[in-house]
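Residue-level listing of the chains:
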Amino acid sequence: MTATLEAPAPAAGEIPSFTVTLRVRRFNPEVSDEATWQDFTVEAHGTDRILDALHKIKWDEDGSLTFRRSCAHGVCGSDAMRINGRNRLACKTLLKDVNPDKPITVEPIKGLPVVKDLVVDMEPFFASYREIMPFLITTGNEPSKERYQSPEDRARFDDTTKCILCAACTSSCPVFWTDGQYFGPAAIVNAHRFIFDSRDEGGSQRLEILNDKEGVWRCRTTFNCTEACPRGIEVTKAIQEVKRAMITRAF
Amino acid sequence: MTHGTAAVAKVDSPRSPYARRKTTRGNYELYSWVFMRASGVVLLVLIFGHLFVNLMVGEGVHAIDFGFVAGKWASPMWQVWDLLMLWLAMIHGTNGVRTIINDYATRDVTRGVLKGLLYLAFAVVVVLGTLVIFTFDACPPGSPAELLPSFCTA
Ligand code: HEM
Ligand code: SF4
Ligand code: FES
């Protein structure tokens, strides 16, 4: 948005700053088996994100604070965390959008084993992802040129190509929290990406894999995943489309 | 030796416990999902039909007594209606609670015990209910006539 010239404006380029408290869930298995809350108060600007505040804490206050981040711009999917009870990417969440007047709670995403502070073990999540075979499956000879696809056929699965595997959806799902056996929304989203790709021939194999007791039928349509997805993917809709494909196949 | 190795040694192999315990493919959950929707639609008709006839038609709720129920169950139409409602609601409800147990019980033992109790309750209610619908005697001998439906002659 363009800044408007309204008196008395702060010095050019200057953004108003405020103090904000982050209530961070800390866990260090080398020190204690218990996780604890720790408050940090930092000086922040209106343009700062949760990630900037975490950086300030780590760089200026407590170097032991542990979290993942790589791109810092919502592309790599490293920094999904539970912010004020909702799964968000720390790098895409502005402090001013999550009510900085009260302490902002920051926790690791739920349902995956915590390694330290905000870092969880993503292995169970990726195990489910690998199970749905997230790669193109074809038969016959390799074509000598590209595999053509009409724009309409491409549009069929466009939404689910946007996934960055951040696990925000899977770790927002109450069914996944219980015992971690459910494949989870992200695995289904990535299966959807190939099941509805006209070039792919592994669709029925993937439907077979997700027609598991722990597959799509455990979905209770709570929409937590759609709400959590930082890419705006209509996750619940994708899951229902996979369910429908299974039902048309069975009857 | 070093701080690093000591820390690593404390942590179990990160992979082993997370594998999905077993593959459980098959159409069972698919049929169960479809059944919940199909039986839901039928139950909608059965339950609201039941409520309408019992509570709204004629004198409505004030007409319900032994005679009213006995009169209904003397007709094969209402016997079938109630039998269907009993079975569908019980299978639908039991399957729904089975889902809830699967979603909330974290330990296999808890899950097993709760489901055992659930299926026991299902069996008791369905057997008793079916028995009552089929063996119901609308005119038990020796009862005061004013409590009985009009067609009782004895
Ligand atoms: C009035 C007609 C009814 C309709 C249209 C209906 C519909 C449904 C549907 C579609 C589901 C599946 C929800 C899901 O998969 O997430 C469901 C679940 C369930 N139903 Fe019914 N139902 C009806 C009556 C009943 C009755 C009479 C009972 C009790 C005996 C019952 C108990 C349950 C339970 C316990 C669940 C599981 C809840 C859950 O999965 O979250 N329903 N119902
Ligand atoms: S579907 Fe969305 S929330 Fe789920 S892993 Fe992909 S990007 Fe993250
Ligand atoms: S750090 Fe890459 S998505 Fe946030």
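This is a predicted model, so every value here is computed, not measured. (Residues numbered from 1 in each chain as written. Chains lettered and ligands numbered in written order. Predicted model: local features only at pLDDT ≥ 70, side-chain atom pairs only at ≥ 80, totals over all residues. Heavy atoms only, no water.)

A. The arrangement of the environment of Ser78 of chain A in detail. Residues and elements named next belong to chain A. With respect to the secondary-structure elements, Ser78 resides in the loop between helix H1 (50–61) and strand E3 (80–83). For the pair Ser78 and Ala167, spaced 89 residues apart in sequence, the C-alpha separation works out to 9.0 Å. The contacts of Ser78, once residues within four sequence positions are left out, are Arg68, Arg69 and Ser70. (Helix = DSSP H or I, 4+ residues; strand = E, 2+ residues; numbered from the N terminus. Contact = heavy atoms within 4.5 Å.)

B. Region of the structure containing the site of ligand 2. Residue and element names in this part refer to chain A. Every residue near ligand 2 is listed here: Cys163, Ile164, Leu165, Cys166, Ala167, Ala168, Cys169, Ala186, Cys229, Pro230, Arg231 and Ile233. A majority-of-atoms criterion places ligand 2 in the second largest cavity. Looking at side-chain class alone, the shell around ligand 2 contains 11 nonpolar, no polar and one charged residues. (Near = heavy atom within 4 Å. 1 Å grid on protein atoms, 1.4 Å probe; cavity = no way out; pocket = protein on both sides within 12 Å on 5 of 7 lines; lining within 4 Å. Sits in = over half its atoms within 2 Å of the grid points. Nonpolar A, V, L, I, M, F, W, Y, C, P; charged D, E, K, R; others polar.)

C. Region of interest: the packing of aromatic side chains. All names here are of chain B. Taken as a whole and judged by the stated rule, the model has six aromatic pairs over all chains. Each ring, one from Phe66 and one from Phe136, has its centre 5.9 Å from the other, and the planes form 40°; the classification is tilted. Here the residue Phe66 occupies a position in helix H3 (residues 66–73), and Phe136 occupies one in the segment after helix H5 (108–135), the gap between them amounting to 70 residues. Phe66 gets classed as partly exposed once you look at its relative accessible area, which sits at 37%. When its relative accessible area of 27% is taken as the criterion, Phe136 is described as partly exposed. Between Trp73 and Phe136, the aromatic rings sit 5.3 Å apart at their centres with planes inclined by 80°, giving edge-to-face as the arrangement. You can see Trp73 sitting in helix H3 and its partner Phe136 sitting in the segment after H5, a full 63 residues away along the chain. (Phe/Tyr/Trp six-rings, centres within 6.5 Å; stacked < 30°, edge-to-face > 60°. Buried < 20%, exposed > 50% of the residue type's maximum accessible area, 1.4 Å probe, protein only.)

D. Fine view of H5 of chain B. A rise of 1.5 Å per residue sets the reference length of H5 of chain B, with its 28 residues, at 40 Å; its end C-alpha atoms lie 40 Å apart and thus fit the reference within 8%. Listed as buried for H5 of chain B are Arg111, Lys115, Leu118, Val126, Gly129, Thr130 and Ile133 of chain B. Along its buried surface, H5 of chain B packs onto helix H4 (174–179) of chain A together with H3 and helix H4 (76–104) of chain B. (Expected span 1.5 Å × (residues − 1).)

E. Region of the structure containing the domain arrangement of chain A. Residue and element names in this part refer to chain A. Considered domain by domain, chain A is made up of domain 1 (2–120) and domain 2 (123–250). At the junction of the two partners, domain 1 supplies 16 residues and domain 2 supplies 15 residues. Taking both sides of the interface into account, the surface hidden between domain 1 and domain 2 amounts to around 1200 Å²; carbon and sulfur atoms contribute 57%. When the buried surface of domain 1 facing domain 2 is broken down by residue, Asn87, Lys110 and Leu112 rank first, second and third, together holding 38% of it. There are two salt bridges connecting domain 1 and domain 2. Linking Arg88 and Glu227 is a salt bridge whose minimum nitrogen-to-oxygen distance equals 2.8 Å. Where domain 1 touches domain 2, the interface holds five residue pairs in polar contact (both at pLDDT 80 or more). Mapped onto the side of domain 1 that touches domain 2, the elements with two or more residues apiece are E3 and strand E4 (86–89). (Domains from an automatic or database assignment. Buried area = accessible area lost by both parts, 1.4 Å probe. Salt bridge = Lys/Arg side-chain N within 4 Å of Asp/Glu carboxyl O. Polar contact = N/O pair within 3.5 Å; in protein donor to acceptor, adjacent residues only side chain to side chain.)

F. Spatial organisation of the coordination of the iron atom of ligand 1. Coordination of the iron atom of ligand 1 by the protein comes from a single atom, His92 of chain B (NE2), at 1.9 Å. Relative to the helices and strands, His92 of chain B is located in helix H4. (Donors = N, O, S within 2.8 Å, 3.2 Å for Na, K, Ca; no water.)

G. Summary view of the sheet that holds strand E1 (residues 17–26) of chain A. All names here are of chain A. Overall, mixed pairing links the five strands, which are arranged E2-E1-E5-E3-E4 in an open sheet. The open sheet terminates on both sides in strands that have one partner only, identified here as strand E2 (36–45) and E4. Strand-to-strand twist of the sheet, defined as the mean angle between neighbouring strand axes without regard to direction, takes the value 35°. Relative to strand E5 (residues 104–107), E3 runs antiparallel, the two being bridged by two bridges. Across the sheet, the residue bridging to Ile83 is Val106, located in E5. (Pairing = 2+ DSSP bridges. Axes fitted to C-alpha atoms, helices over the stretch in contact; angles between N-to-C directions.)

H. Quick peek at the site of ligand 1. Surveying the vicinity of ligand 1 reveals 13 residues, the closest of which are Arg220 of chain A together with Arg37, Gly40, His92 and Gly96 of chain B. Near ligand 1, residues from chains A and B are present, making the site a shared one. Contact distances for ligand 1 include 2.7 Å between an oxygen atom and a side-chain N or O atom of Arg220 of chain A. Here His92 of chain B contributes a side-chain N or O atom positioned 2.8 Å from a nitrogen atom of ligand 1. Broken down by secondary-structure element, the contributors of at least two residues to the shell around ligand 1 are helix H2 (28–55) and H4 of chain B. Tallied by class, residues from the shell around ligand 1 come to seven nonpolar, four polar and two charged.

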